[in-house]
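Chain residues, written in single-letter form:
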Amino acid sequence: MKKLYFFPQKHLLISVPATLLLGFIVGTFVDTSFLKSTILFATIIMIYATMVGFKWKELTHLKEKKILFASIVINFIIIPFIAFLIGKTMLQHHPIMFAGLALSALLPTSGMTISWTAIQKGNMAAAVKLTVFGLVLGSLLTPWYLLAMVGKYVDINVMETFRTILLVVFVPMILGHVTFKWLMRKYTPEQFQKQVKPNFAPLSIWAMLYVVFVSISMRAKMIVSNLQLIVIALAVLLLFYFVNYVISTLVAKQFFNREDGIALVNGTVLRNLSIAIGLAATSFGAEAALIVTLAFIVQQQSIAYYGKIANQYWFKQQNN
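Below: a short report on this structure. (Residues numbered from 1 in each chain as written. Predicted model: local features only at pLDDT ≥ 70, side-chain atom pairs only at ≥ 80, totals over all residues. Heavy atoms only, no water.)

Turning our attention to unusual backbone geometry. A positive phi is found at K121, a non-glycine position, where the angle reads about 60°. Among the secondary structure elements, K121 is positioned in the loop between α6 (111-119) and α7 (124-150). (Helix = DSSP H or I, 4+ residues; strand = E, 2+ residues; numbered from the N terminus.)

Relative orientation of the contacting elements helix α4 (residues 65-90) and helix α13 (residues 258-269) amounts to 30°, with a least axis distance of 10 Å. Here α4 lies roughly parallel to α13, going by the angle between them. The way α4 lies across α13 gives a crossing that is right-handed. Residues I67, A70, S71, I74, N75 and I79 of α4 lie in contact with α13, whose contacting residues are D260, A263, L264, G267 and T268. The residue inventory of the contact of α4 with α13, partitioned by class, reads six nonpolar, four polar and one charged. (Axes fitted to C-alpha atoms, helices over the stretch in contact; angles between N-to-C directions. Parallel < 35°, antiparallel > 145°, perpendicular 65-115°, else oblique. Left-handed = near helix turned anticlockwise from the far one by under 90°. Contact = heavy atoms within 4.5 Å. Nonpolar A, V, L, I, M, F, W, Y, C, P; charged D, E, K, R; others polar.)

Before going further, it helps to examine the pattern of salt bridges. All told, the structure shown has one salt bridge when counted by the stated rule. A salt bridge links E259 to R258; the nearest nitrogen and oxygen atoms lie 4.0 Å apart. Residue class for E259 comes out partly exposed when judged on its relative accessible area of 35%. The exposure class assigned to R258 is buried, which follows from its relative accessible area of 12%. (Salt bridge = Lys/Arg side-chain N within 4 Å of Asp/Glu carboxyl O. Buried < 20%, exposed > 50% of the residue type's maximum accessible area, 1.4 Å probe, protein only.)

All right, on to the nonpolar core then. Membership of the largest hydrophobic core comes to 86 residues, with the highest contact counts inside it found for F240, Y241 and I291. The dominant element in this core, judged by the number of residues it contributes, is helix α15 (residues 286-312), at 13 residues. Residues contacting Y241, with those up to four places away along its chain left out, are V269, R271, L273, A295, V298 and Q299. Residues Y48, V52, L183 and F200 belong to the second largest nonpolar core, which totals eight residues. (Core = buried A, V, L, I, M, F, W, Y, C linked by side-chain atoms within 4.5 Å.)

A separate point is the packing of aromatic side chains. The final tally for this structure, using the stated rule, is eight aromatic pairs. Judged by centre distance (6.4 Å) and plane angle (80°), the rings of Y48 and F200 are edge-to-face. Of this pair, Y48 sits in helix α3 (residues 39-51) while F200 sits in the loop between α9 (189-196) and α10 (201-217); the two residues are 152 residues apart in sequence, bridging distant segments of the chain. One exposure class covers both Y48 and F200, and it is buried. When the ring of Y245 is compared with that of Y306, the centres are 4.8 Å apart and the planes differ by 25°; the resulting orientation is stacked. Note that Y245 is positioned in helix α12 (residues 228-255) and Y306 in helix α15, a separation of 61 residues in sequence. On the accessibility criterion, Y245 (10% relative accessible area) is buried. We classify Y306 as buried; its relative accessible area is 8%. Three or more aromatic residues joined by ring pairs make a cluster, and in this case those are Y245, Y306, Y313 and W314. Between the NZ or CZ atom of K66 and the centre of the ring of F256, over which it lies, the distance is 5.2 Å. (Phe/Tyr/Trp six-rings, centres within 6.5 Å; stacked < 30°, edge-to-face > 60°. Lys NZ or Arg CZ within 6 Å of the ring centre and 35° of its normal.)

In structure tokens, the structure reads:
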């Protein structure tokens, strides 16, 4: 059972496409719309699992003001503008997918930001700050950005979007903090990091896969009859991520040292797709959820390749 529990986390590049395929197959033959009401609950679990043990005290230390400022400019000015241009030119006839792309662009940083910064031996303290600030600012600004970017094409209920974000972001934050405080009565910080915290990550992945399965299976017939949507979505995402990598890398190389540069790239290229897919599925539907789901595949594969190439060329370690 333990191997099964950890399997999706260890094999994410297999788990997400397999869940997509399963959702298509099941949804083609079975009406899963009765599961729609469970998506919000699964999304809360998905985010809650990542919030247990989050280092909120790091927010009080603002040593990395320069990198925080750069990340805010990239995450909330440059990247939304890129998404808007791509959406206007490539998704004119697919407004719901445009909303999904906008959600992906407007919610920066994830747990992977911290993980990949650690793997690449970057500035971990900066990665934590970028993750927290990106999550909070993105949650507060997303409804207004959505209204400005796709409000003309999709009916945006700002207050309803705020309510959804409150449920899928801030409620899990509070629950995660309460859980962590309770666990600290039983474990030392070292025991928590080594024995307890690793057990929460797979829960988040399983909840994410459930959201992917339900959101895709509910509209499988519509999507299967429009397979060109997948081709369009992949083309949009490949362009979106490529431009993001180029801009973030250029800024990192020009203005920061190796460690800070790695944190900046990971804090601006990697998007919080767990929250995005929850919002997409609950607020917009299958087409929006589809493009965010495909972004999981593009994001995970691209950062793995990017990390290897970056460490060989522009983020070389000076002392081996």
